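Structural features, examined
One-letter residues, chain by chain:
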Amino acid sequence: MTVLAREAAAEASALDVQRLYGLVVASEIPLQQARPRADVADADVVVRWGAPRTRREQQRPFDGVVALDSGSRTHGYVAVVRPDGSHLLRFYGACDAEISAGLDEVVVHPVADADPGIATVLTTGAVLAYLLVRRGHAVLHGSAVAVDGGAIAFTAPSGGGKSTMATLMCADGAALVTDDVLRVDLDPTCDEAPHVRAGATGLRLRKGADTLVDLFADGAGATPERRVSADLR
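We now turn to the structure provided with this report.

Cut-offs and rules
- Residues numbered from 1 in each chain as written.
- Predicted model: local features only at pLDDT ≥ 70, side-chain atom pairs only at ≥ 80, totals over all residues.
- Heavy atoms only, no water.
- Helix = DSSP H or I, 4+ residues; strand = E, 2+ residues; numbered from the N terminus.
- Buried < 20%, exposed > 50% of the residue type's maximum accessible area, 1.4 Å probe, protein only.
- Contact = heavy atoms within 4.5 Å.
- Areas by Shrake-Rupley, 256 points an atom, 1.4 Å probe, with all protein chains shown as cover.
- Pairing = 2+ DSSP bridges.
- Axes fitted to C-alpha atoms, helices over the stretch in contact; angles between N-to-C directions.
- Expected span 1.5 Å × (residues − 1).
- Bend = angle between axes of the 7 residues up to and from the residue.
- Polar contact = N/O pair within 3.5 Å; in protein donor to acceptor, adjacent residues only side chain to side chain.

1. Examining the overall build of the protein
A count of helical and extended segments in the protein gives 3 helices and 14 strands. A total of 233 residues make up the protein; the buried ones form 36% of that total. Restricting the contact set of the protein to residue pairs at least 6 apart, pairs at least 24 apart contribute 49%. Carbon and sulfur atoms provide 55% of the accessible area of the protein, an area that totals close to 12600 Å².

Here you go:
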């Protein structure tokens, strides 16, 4: 193996490769999901860390047309389409995600004094959801579980109980399809029912609802893995 080949292999092995929402995502940022793919060669999207940015840099004017703005320059976000077709997702106080015009490369620039774990949460959630929409897919803010060969979905605003309902269903024997980001495939050329795509493999419960994990305890006292994300879910 040549030096260049070894370097390429080492770089590929350092990437977290997952199939999420119908996309193969190869990421330098740990995706913290359990849908691994073996080969980075078939990745639809490559995600890499970029240089940190300051909060002052995030206040600079945009070189494009604002497509979506939450209205807050402190804790909000903005989406920008630049003249060259590339995209900027700016999450104030957290990170910038720069997306190529081909929607196949993402560079995430964390804010220097922010918890980098927030960038992980946003990458697996809002950034991939934005990519899906720009690729022409229908995306809902929802969670879904599989029951008897079909899917039951819960959609609601943030804090509306989507993850809680999915947790209760899974505790009763359903299988988790996805949490928070729900891709729905619609085929207008046939009469088949819509299909949903497998996504996030963890349920993001707010403080208080996290006690529902105890519903999964079996006779041996085993429970699902539990961890606290950077946004305290």
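2. Observations regarding the pairing of strand β3 (residues 45-49)
The pairing of strand β2 (residues 23-27) with β3 spans 3 bridges and is parallel. Across the sheet, residue Ala26 finds its bridge partner in β3, namely Val46. Two strands pair when backbone bridges link them, and β3 and strand β8 (residues 105-110) are joined in this way by 4 bridges, in the parallel orientation. Bridge pairing links Val47 to Val106 in β8.

3. Section: the sheet that holds strand β10 (residues 142-147)
The antiparallel open sheet is built from 3 strands, whose spatial order is β11-β10-β12. Here the strands that pair on one side only, and so sit at the sheet edges, are β11 (150-155) and β12 (175-178). Ignoring strand direction, the axes of neighbouring strands in this sheet form an average angle of 30°. In this structure, β10 lies alongside β12, joined through 3 bridges in antiparallel fashion. Counted as the bridge partner of Ala146 is Ala175 from β12. Sitting on the sheet, helix α3 (residues 162-171) is in contact with β10, β11 and β12, with an inclination near 15° to β10.

4. Quick notes on helix α2 (residues 116-134)
Relative to the 27 Å expected for 19 residues at 1.5 Å per residue, α2 spans 25 Å between its end C-alpha atoms, a close match to the ideal helical length. Residue Thr123 marks the point of greatest curvature in α2, where the axis turns by about 45°. Here α2 starts with a cap whose side-chain oxygen sits 2.8 Å from the backbone nitrogen of Gly117, and that cap is Asp115. Looking one or two residues past α2, Gly136 carries a phi angle of roughly 95°, positive in sign.

5. With respect to the sheet that holds strand β9 (residues 138-140)
The strand order β9-β13-β14 describes an open sheet built from 3 strands, whose pairing is antiparallel. Bordering the open sheet on either side are β9 and β14 (195-196), each of which pairs with just one other strand. When β9 meets strand β13 (residues 182-185), the two strands line up antiparallel, connected through 3 bridges. The residue of β13 that forms the bridge with Ala138 is Val184.

By themselves these figures say nothing about function.
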